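One letter stands for each residue in the lines below.
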Amino acid sequence: MNIATPEPDDLAALRQRLNEDPIDLEVIDNLRSLGDEALIDEVVQLYAKDSPPRIAAMREALAAGDAVAVARAAHGLKSSSGNVGARHVHDLCAALESIGRGGSLAGASSALELLEREYARATGALESLRTS
Amino acid sequence: MIDPRSFDAARALTGKSIAIVSVARDFSGSIAAGLEGVRAHWRVLREFRSADDLDPFDLVIADAAVVPAVASCRKPILFLGGVEDMAAIDADCDHDFVVVPPLNVDELLVRLHHLLTRHRERPGRSAAAPVVLAADDDPTTLAIVRAVLGQVGITCATAANGKQALERTRDLKPNAIVLDVNMPFLDGFEVLASLRADPHTAGIPVVMLTSVQQEVDVLRGFSLGAADYVAKPFNPMELLARVQRLVQKS
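Residues numbered from 1 in each chain as written. Chains lettered and ligands numbered in written order. Predicted model: local features only at pLDDT ≥ 70, side-chain atom pairs only at ≥ 80, totals over all residues. Heavy atoms only, no water.

Chemist: Account for the environment of Ile18 of chain B, with residues named and values stated.
Modeler: Residue and element names in this part refer to chain B. Checked against the element boundaries, Ile18 lands in strand S1 (residues 17-21). For the pair formed by Ile18 and Leu112, sequence separation is 94 residues and the distance between their alpha carbons is 9.8 Å. Discounting chain neighbours no more than four positions away, the residues touching Ile18 are Leu35, Ala40, His41, Trp42, Arg43, Phe57, Leu59, Ile61 and Leu112. (Helix = DSSP H or I, 4+ residues; strand = E, 2+ residues; numbered from the N terminus. Contact = heavy atoms within 4.5 Å.)

Chemist: Explain the environment of Asp228 of chain B residue by residue, including any values.
Modeler: All names here are of chain B. For Asp228, the location among the structural elements is in strand S10 (residues 228-232). When its relative accessible area of 0% is taken as the criterion, Asp228 is described as buried. As a C-alpha pair, Asp228 and Pro205 span 23 residues in sequence and 8.2 Å in three-dimensional space. A distance of 3.3 Å separates the side chain of Asp228 from the side chain of Arg242, its partner in a polar contact. (Buried < 20%, exposed > 50% of the residue type's maximum accessible area, 1.4 Å probe, protein only. Polar contact = N/O pair within 3.5 Å; in protein donor to acceptor, adjacent residues only side chain to side chain.)

Chemist: Residue-level account of helix H4 (residues 67-83) of chain A, with values.
Modeler: All names here are of chain A. An ideal rise of 1.5 Å per residue puts 24 Å on 17 residues; H4 measures up with 25 Å between its terminal C-alpha atoms. Judged by how many residues are buried, H4 sits mostly within the fold: 15 of 17 residues are covered. Near the N-terminus of H4, the side chain that reaches the backbone nitrogen of Val68, with its oxygen 3.3 Å away, is that of Asp66. Phi for Gly85, located one or two positions after H4, is positive at around 75 degrees. (Expected span 1.5 Å × (residues − 1).)

Chemist: Could you give an account of the interface of chain A and chain B, naming the residues involved and the relevant values?
Modeler: Chain A puts 22 residues into the contact, and the matching count from chain B is 21 residues. Contact with chain B buries surface across chain A, with Leu34, His75 and Asn83 of chain A losing the most and accounting together for 31% of the total. The interface formed by chain A and chain B contains 1 salt bridge. The salt bridge partner of Arg146 of chain B is Glu42 of chain A, with a shortest N-O separation of 3.0 Å. In this structure, the connection of chain A to chain B is made through 8 residue pairs in polar contact (both at pLDDT 80 or more). Per-class residue counts for the side of chain A that touches chain B are 7 nonpolar, 9 polar and 6 charged. (Buried area = accessible area lost by both parts, 1.4 Å probe. Salt bridge = Lys/Arg side-chain N within 4 Å of Asp/Glu carboxyl O. Nonpolar A, V, L, I, M, F, W, Y, C, P; charged D, E, K, R; others polar.)

Chemist: Summarise the packing of H4 of chain A against helix H5 (residues 87-101) of chain A; cite the residues concerned and give the values.
Modeler: Residue and element names in this part refer to chain A. Across the interface, H4 lies against H5 with an axial gap of 8 Å and an inter-helix angle of 160 degrees. Classified by the angle their axes make, H4 and H5 are roughly antiparallel. Seen along the crossing, H4 lies across H5 with a hand that is left-handed. Contacts between H4 and H5 pair Ala67, Val68, Val70, Ala71, Ala74, His75, Leu77, Lys78, Ser81 and Gly82 from the former with Val89, His90, Cys93, Ala94, Leu96, Glu97, Gly100 and Arg101 from the latter. Taken together, the residues of the contact of H4 with H5 sort by class into 10 nonpolar, 5 polar and 3 charged. (Axes fitted to C-alpha atoms, helices over the stretch in contact; angles between N-to-C directions. Parallel < 35°, antiparallel > 145°, perpendicular 65-115°, else oblique. Left-handed = near helix turned anticlockwise from the far one by under 90°.)

Structural data, given as structure tokens:
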């Protein structure tokens, strides 16, 4: 964790919620209500394939100190995370996007570290839902 | 959410008379407060005899439960209700809707403003099998949009970026377009502006898909001629209802 810079308040608040279920089941229910279990399979697989490059892009942009690119990559992952109910990943992307748009990367390293952890939890939970 | 007082909604709604029909008290109080904030005149009608009663008003806000009674009203109507109620609304009446609960008064004011000011769009095509183009660089969004539209027999073509969206629109002449804002090559606003500048595509209704953190995009989209918007993360059934409304009009 980057302890050299203070966390933004919203990130600190978000950290408090991370012990909750990583997946918003209402979103999954909405997908199920479309009447096609194969859709959940498809969407989860697309998410698992599409997300790692976006996270890598965030990491590279952060290393390069490119706040605009951090915001852009975070925005992309935020959208798909919302679609699969990965609420903490979604919220962390929103926090990173906000940090990036602000032009300063203070707190971004800490947020990205949390995001990677939450992404792993979310994909694990999604995989369980898909196979259950 | 958008602060309607920060743009010209206040000017558009100031002095307008608005009927609030059969809306639950929990909501009507909040709506009245919102309308007072933009200095509109309002009147709560718990009961009414016919749609003619609504003629003196500029706009109508009605619970979706009274759709059959108010649908013949000649004034623009904003319905409140669940997504499942929206499919029952007659596409011929000039309407929009807000999904409740919860009630978002700011969204309601933005949609009232849009009802008052929007351009009516009638695409030239009336195909038996509607085609909708979904443009988004997120494949999960495209999969969900395709699935939900497919439920009602709408064929969904897709585009993964703004440039492809323009090309596919010109090729397919879809009945409506679901357009993301943040896309590679050309963003949604650039696509929308290009569509409106081309006489062959100018009349195709466009639903903008926008992040809830970029409400200013909604206003920009409307000013460029978007017919509607849906905020991300989105409820697929709400998107379906909004697209169906536009497709049925085409």
